[in-house]
Amino acid sequence: GLKKKEVHVLCLGLDNSGKTTIINKLKPSNAQTQDIVPTIGFSIEKFKTSSLSFTVFDMSGQGRYRNLWEHYYKDCQAIIFVIDSSDKLRMVVAKEELDTLMNHPDLKHRRIPILFFANKMDLRDAVSSVKVSQLLMLENIKDKPWHICASDALKGEGLQEGVDWLQDQIQ
Ligand code: GTP
Ligand code: MG
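As the structure is a prediction and not an experimental result, all values here were calculated from the model. Chains are numbered independently. Their residues run from 1 in the order of the written sequence. Following the order in which they are written, the chains are lettered starting with A and the ligands numbered starting with 1. Whole-chain, interface and lining totals are the exception, using all residues; otherwise, since this is a predicted model, local features are given only for residues with pLDDT of at least 70 and side-chain atom pairs are given and counted only at 80 or more. Only hydrogens and water are set aside; all other atoms, that is, all heavy atoms of the structure, feed into the side-chain values.

Caption draft 1: Broad picture of the overall build of the protein. Helix and strand definitions here come from DSSP, where helices need a minimum of 4 consecutive H or I residues and strands a minimum of 2 consecutive E residues; each element is numbered from the N-terminal end. Counting its regular elements, the protein contains 4 helices and 6 strands. For the protein, the α and β elements follow one another from N to C terminus as β-α-β-β-β-α-β-α-β-α. For 171 residues, the compact-globule estimate of 2.2 N^0.38 gives 16 Å, and the protein sits close to it at 15 Å. By principal-axis analysis of the C-alpha atoms, the protein measures approximately 50 × 35 × 30 Å. When we talk radius of gyration, it's over C-alpha atoms, and the globule rule is simply 2.2 Å times the number of residues to the 0.38.

Caption draft 2: Representation of the coordination of the magnesium ion (ligand 2) in the model. For Na, K and Ca the donor cutoff is 3.2 Å, while for all other metals N, O and S atoms must lie within 2.8 Å; water is not among the atoms, so some sites may look incomplete. The protein atoms that coordinate the magnesium ion (ligand 2) are Thr20 (OG1) and Thr39 (OG1), at distances spanning 2.0 to 2.1 Å. Taken together, the residues threonine 20 in helix α1 (residues 19-25) and threonine 39 in the loop between α1 and β2 (42-48) connect sequence positions 19 residues apart. Here threonine 39 falls in the buried class, since its relative accessible area comes to 13%. Remark: exposure states derive from per-residue accessible area (1.4 Å probe, protein chains only) relative to the maximum for the residue type, with buried under 20%, exposed over 50%, and partly exposed in between.

Caption draft 3: View of the site of ligand 1. Proximity criterion: a residue is near a molecule or strand once any of its heavy atoms comes within 4 Å of it. Close to ligand 1 lie 20 residues, the nearest being Lys19, Thr21, Gly61, Asp122 and Ala153. Serine 17 has a polar backbone atom sitting 3.3 Å from an oxygen atom of ligand 1. Polar contacts, as counted here, are pairs of nitrogen or oxygen atoms within 3.5 Å of one another; within protein the pair requires one atom able to donate a hydrogen and one able to accept it, and residues that are adjacent in sequence qualify only if both atoms are side-chain atoms. Side-chain polar atom of threonine 20 to an oxygen atom of ligand 1: 2.9 Å apart, as the coordinates give it. To measure how exposed things are, a 1.4 Å probe is used in the Shrake-Rupley method; for residues, cover is taken only from the protein chains shown. Within the complex, the protein chains bury 83% of what would otherwise be the 660 Å² of accessible surface of ligand 1.

Caption draft 4: A look at the confidence of the model for the protein. Across the protein, the average pLDDT comes to 97, with 99% of residues at 70 or higher. For this predicted complex, the interface score ipTM comes out at 0.99, while the overall pTM is 0.98. In predicted models, pLDDT denotes the confidence assigned by the predictor to each residue on a 0 to 100 scale.

Caption draft 5: Structural view of the environment of aspartate 84. By the secondary structure assignment, aspartate 84 is in strand β4 (residues 78-84). Residue classification places aspartate 84 among the buried residues on the basis of a relative accessible area of 10%. Between the C-alpha atoms of aspartate 84 and glutamine 171, which are 87 residues apart in sequence, the distance is 29 Å. By definition in these notes, contact holds between two residues if any of their heavy atoms fall within 4.5 Å. If we skip the residues at most four places from it in the chain, aspartate 84 touches Asn16, Ser17, Met91, Asn119 and Lys120. Of note is the side chain of aspartate 84, whose polar atom sits 2.6 Å from the side chain of serine 86.

Caption draft 6: Unusual backbone geometry, seen in detail. Although it is not a glycine, asparagine 16 sits at a positive phi angle of roughly 75 degrees. Within the element layout of this structure, asparagine 16 appears in the loop between β1 (5-12) and α1.

Caption draft 7: Expanded view of helix α2 (residues 91-102). Helix span, as expected, comes to 1.5 Å for every residue beyond the first. Relative to the 16 Å expected for 12 residues at 1.5 Å per residue, α2 spans 16 Å between its end C-alpha atoms, a close match to the ideal helical length. Residues of α2 that are buried: Met91, Ala94, Lys95, Glu97, Leu98, Leu101 and Met102. The buried residues of α2 all sit within an arc of 165 degrees when viewed along its axis, so they share a single face. If you follow the buried residues of α2, they end up packed against β1, β4, β5 (114-119) and α3 (129-135). Throughout, the arc means the angular range of directions from the helix axis out to the C-beta atoms.

Set out below in structure tokens:
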């Protein structure tokens with residue numbers, strides 16, 4: 001059959017935001033794992049959509065591994081940035097990491113799409129995706145297409161909308 005276009009994506013965000021859970025849910029059910037543990041370093045994952053074949057670098061969000069992220073900026077064609085919408089205390093840390101990556105020379109002048117997942121929407125403490133985008137000041141991003149989706153990675157809600165947007169950006 002037709003070979004799908006290959007796309008390299010970086011999945012970033014603080015530890016415990018739900019990156020690995022999201023990527024796992026995007027795989028076919030027979031390829032999903034049941035027990036998800038904190039990522040050490042990074043993990044390379046693959047999933048397909050109707051027209052694209054995604055290779056995802058699922059990075060650890062733990063502080064001691066965040067210095068690895070920048071080594072993969074050059075080769076990525078899109079970024080998925082995951083936020084724990086219930087973690088109000090660390091929203092400012094997520095914003096700092098986002099600002100740092102947006103200003104990195106390997107990303108700064110590239111129009112690569114950034115998909116934000118305001119994850120853990122099922123939790124009682126979660127703020128809305130509009131509130132997350134305000135706290136992260138996403139309206140300041142002028143040089144890259146971006147989109148934010150509310151998601152519940154445990155149920156898989158909101159993930160398809162995000163990936164559909166990403167696919168449209170990459171066509
Ligand atoms: P690191 O690999 O350490 O950077 O973390 P991560 O961003 O990959 O987070 P991970 O996917 O390991 O999820 C962390 C915890 O959050 C796990 O216990 C998940 O089950 C839980 N979790 C992920 N998504 C959701 C969600 O949408 N809602 C709720 N309630 N829990 C979630
Ligand atoms: Mg992980």
